[in-house]
Amino acid sequence: MKLKILNFDSLGDERGDLVSLESNLNIPFEIKRVYYLFDTDTDSVRGFHAHYELKQVVIALKGQCTFHLDDGKEKQVVVLNSPLKGLLIESFLWREMSDFSDDCVLLVIASQHYDEADYIRNYEEFLKEASQNDT
C-alpha cells in the first residue's frame, strides 16, 4: 500500500497562518463535500468502512488522531497531528480512526457527495471486493 501525505504551504506571516485548499491543485480531485469531526471521545474508534469510489483528504486541524488503514493485503498506521499535512485516502482502503486527542478537529475533504451505496461497511465483504479490484 502506498500512502500519500500531502504537504500544504502556509501563507502566514506575523499575524498568523493561512492554508488555502483548492480542487485539482493541492487537493488532487474536485471537492464535492467537506465535513469535520470534533468533540470525539478519546476512547472512541470510528470509521470501520471503505469506499468503492470516494477519495478523501483528511487533515487534523487541531490535535491528533491515529488512522489504521488496510488495502486487504497490507496494513499501515498514520498519526495525523498537523494542519499542514493531509492524508490522501484512495478508494478501497478500509479505515479506522482512534486515539483522538481531547482537542482533535478532523477535517475531511471528499471527492463525491454522500452516497450510502458507495460504502463497504463489512470487513469480510471489503476483503472480497478489494481482492477483485486488485490491479
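Residues numbered from 1 in each chain as written. Predicted model: local features only at pLDDT ≥ 70, side-chain atom pairs only at ≥ 80, totals over all residues. Heavy atoms only, no water.

Mapped onto the elements of the fold, S111 is located in the loop between strand 9 (105-110) and strand 10 (119-120). Not counting chain neighbours up to four residues away, the residues in contact with S111 comprise F29, E30, K32, E53, L54 and K55. (Helix = DSSP H or I, 4+ residues; strand = E, 2+ residues; numbered from the N terminus. Contact = heavy atoms within 4.5 Å.)

Tallied over the entire structure, the rule returns three salt bridges. As a salt-bridge pair, R15 and D13 come within 2.5 Å of each other at their nearest N and O atoms. Classification of R15 by relative accessible area gives exposed; the value is 72%. A residue is classified by how much of its surface remains accessible, and D13, at 33% relative accessible area, is partly exposed. In this structure, K55 and E90 form a salt bridge, with 3.9 Å as the shortest nitrogen-oxygen distance. Note that K55 is positioned in the loop between strand 3 (46-51) and strand 4 (56-62) and E90 in the loop between strand 7 (85-89) and strand 8 (94-98), a separation of 35 residues in sequence. A relative accessible area of 28% means that K55 is categorised as partly exposed. By relative accessible area, which is 33% here, E90 ends up partly exposed. (Salt bridge = Lys/Arg side-chain N within 4 Å of Asp/Glu carboxyl O. Buried < 20%, exposed > 50% of the residue type's maximum accessible area, 1.4 Å probe, protein only.)

Turning our attention to empty space enclosed by the protein. Counting across every chain of the model gives one cavity of 30 Å³ or more. If you add up the space inside the largest cavity, you get close to 40 Å³. In the lining of the largest cavity, the residues fall into three nonpolar, three polar and three charged. (1 Å grid on protein atoms, 1.4 Å probe; cavity = no way out; pocket = protein on both sides within 12 Å on 5 of 7 lines; lining within 4 Å. Points joined across faces, edges and corners; volume = space filled by probe spheres on them. Nonpolar A, V, L, I, M, F, W, Y, C, P; charged D, E, K, R; others polar.)

Let's shift gears to the sheet that holds strand 5 (residues 65-70). Hydrogen bonds between backbone groups are what pair the strands of a sheet, and the pairing can be parallel or antiparallel. Here we have five strands laid out as an open sheet, ordered 6-5-8-3-10, and antiparallel in their pairing. Two strands close off the open sheet at either side, each with one partner strand: strand 6 (75-80) and strand 10. (Pairing = 2+ DSSP bridges.)

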